[in-house]
Amino acid sequence: MEDSVQIRCTRCKNVFRDRAKRLQNGYSRQCPSCEIVLFFDEDSHDSNIKRAMRTARRVRNELRDSEGVITRRAAGAPRQYGGRSASNARGNEEADDD
Ligand SMILES: [Zn+2]
């Protein structure tokens, strides 16, 4: 699972990556190339920052969802699979994952 997000530096346009979990309002870090400090805020005027924030939010949601799946599996209860052959005639159980 990819948990990092591409960020394009406002000044030098260098592209680097940082963890999605860090990229939240108030976070700041230096560009590894030109060492300008970038401030991350969802209301930033910088479209590069805004896009990185949006991407980070989506990645965090996906990570949380996948962790939830793992937790449910770890908890056992494979009962979904019990009566599958009879009730699965339509075969579209997977169709609703957006
Ligand atoms: Zn830079």
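S.K.: What's the story with the nonpolar core in this structure? I'm lost.
M.R.: Within soluble globular proteins, side chains that are nonpolar generally end up buried alongside one another. One finds Val5, Ile7, Cys9, Ala20, Leu23, Leu38, Phe40, Ile49, Ala52, Met53 and Ala56 forming the largest nonpolar core, which totals eleven residues. Elements that contribute at least two residues to this core include exactly β1 (4-8) and α1 (47-74). Top element by residues in this core is α1. It accounts for four residues. In contact with Leu23, not counting residues within four places along its chain, are Val5, Asp18, Phe40, Ala52, Met53 and Ala56.

S.K.: Would you take a moment to explain unusual backbone geometry for this structure?
M.R.: In the Ramachandran plot, Lys13 falls in the positive-phi region, its phi being about 65 degrees despite a non-glycine side chain. Relative to the assigned elements, Lys13 resides in the loop between β1 and β2 (15-19). The exposure class of Lys13 is exposed, given the 11 C-beta atoms found within 10 Å. A positive phi angle, near 70 degrees, is found at Glu35, a position not held by glycine. Here Glu35 is to be found in the loop between β3 (28-30) and β4 (37-39). Under the C-beta neighbour-count criterion, Glu35 is labelled exposed, with 10 such atoms within 10 Å.

S.K.: Would you mind going over the environment of Ala20 with me for this structure?
M.R.: As for its placement among the helices and strands, Ala20 is situated in the loop between β2 and β3. Apart from the residues within four sequence positions on either side, Ala20 is in contact with Asp3, Ser4, Val5, Ala56, Val59, Arg60 and Leu63.

S.K.: Even after reading the chapter, I still don't get the pairing of β2, so can you show me in this structure?
M.R.: Each regular strand carries side chains that alternate between the two faces of the sheet. When β1 meets β2, the two strands line up antiparallel, connected through five bridges. Bridge pairing in β2 links Ile7 to Phe16. In this antiparallel pair of consecutive strands, β1 and β2, the connection spans six residues, and Lys13 shows a positive phi of 65 degrees.

S.K.: So what exactly am I meant to see when it comes to α1 here?
M.R.: Along an α-helix, residues three or four apart share an orientation, since each turn contains 3.6 residues. Helix length check: α1 (28 residues) gives 40 Å between terminal C-alpha atoms against 40 Å at 1.5 Å per residue, within 8%. Taken together, the buried positions of α1 are occupied by Ile49, Ala52, Met53 and Ala56. In this structure, the buried side of α1 is in contact with β1 and β4.

Scoring rules and cut-offs
- Residues numbered from 1 in each chain as written.
- Predicted model: local features only at pLDDT ≥ 70, side-chain atom pairs only at ≥ 80, totals over all residues.
- Core = buried A, V, L, I, M, F, W, Y, C linked by C-beta atoms within 7 Å.
- Buried ≥ 20, exposed ≤ 12 C-beta atoms within 10 Å, placed from the backbone.
- Helix = DSSP H or I, 4+ residues; strand = E, 2+ residues; numbered from the N terminus.
- Contact = placed C-beta atoms within 7 Å.
- Pairing = 2+ DSSP bridges.
- Expected span 1.5 Å × (residues − 1).

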